[in-house]
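Listed below, chain by chain, are the residues.
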Amino acid sequence: QVQLVESGGGLVQPGGSLRLSCAASGSIVNIYLMGWYRQAPGKQRELAATITSGGGTRYADSVKGRFTISRDNAKNAVYLQMNSLKPEDTAIYYCNAVGSDQIKGGSLEVWGQGTLVTVSS
């Protein structure tokens, strides 16, 4: 069984900061891509940021300059530092990992259960 366990969501005032964490466990190996996606109320899920095992990053235009994604390959963990938060950043944030299935073989994509980030005064 493969799990992504997220933490770090919560309520923050506009202009504040939060740090999300996500760690993968189970039979997923060689995780070459990890990322954060978000889904605001009434909207489709969208990419926030991704990072490859080599450190290459990609950000949504709406978060560039405010969010920083990082990862610890040894821990199969990914982090999202969110600064200068805005009310429009309010969403459920989902962790994502793409790697290989150690038991069954082949590619494996896993999603976390989501963590709620609310930006409000």
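Relevant structure appears above.
Fair warning: this is a prediction, and the values are worked out from it, not measured in the lab. (Residues numbered from 1 in each chain as written. Predicted model: local features only at pLDDT ≥ 70, side-chain atom pairs only at ≥ 80, totals over all residues. Heavy atoms only, no water.)

A. Broad picture of the pairing of strand β4 (residues 28-39). Pairing between β4 and strand β9 (residues 91-101): nine bridges, direction antiparallel. Among the inter-strand pairings, W36 is bridged to a residue of β9, identified as C95. Bridge analysis of β4 against strand β5 (residues 46-52) gives six bridges, and the strand direction is antiparallel. Considered in β5, the bridge of L33 is made with T52. Taking the residues between adjacent antiparallel strands as the criterion, β4 and β5 are bridged by six residues, where G42 takes a positive phi near 75 degrees. (Pairing = 2+ DSSP bridges. Helix = DSSP H or I, 4+ residues; strand = E, 2+ residues; numbered from the N terminus.)

B. Up close: the pattern of salt bridges. This structure, assessed with the given rule, holds four salt bridges. Across the pair E46 and R38 runs a salt bridge whose closest N-O atoms are separated by 2.9 Å. The salt bridge involving K64 is made with D61; its shortest N-O contact spans 3.1 Å. You can call D61 exposed: its relative accessible area is 65%. Ionic contacts of the salt-bridge type, sharing partners, join the residues R38, E46, R66 and D89 into one network. (Salt bridge = Lys/Arg side-chain N within 4 Å of Asp/Glu carboxyl O. Buried < 20%, exposed > 50% of the residue type's maximum accessible area, 1.4 Å probe, protein only.)

C. Region of the structure containing the state of the cysteines. Tallied over the full model, the rule gives one disulfide. One disulfide bridge connects C22 with C95, the sulfur atoms lying 2.0 Å from each other. Disulfide C22 to C95: torsion about the S-S bond roughly -85 degrees, handedness left-handed. With C22 in strand β3 (residues 18-25) and C95 in strand β9, this residue pair connects regions lying 73 residues apart in the sequence. A residue is classified by how much of its surface remains accessible, and C22, at 2% relative accessible area, is buried. What makes C95 buried here is its relative accessible area of 0%. (Disulfide = S-S within 2.5 Å.)

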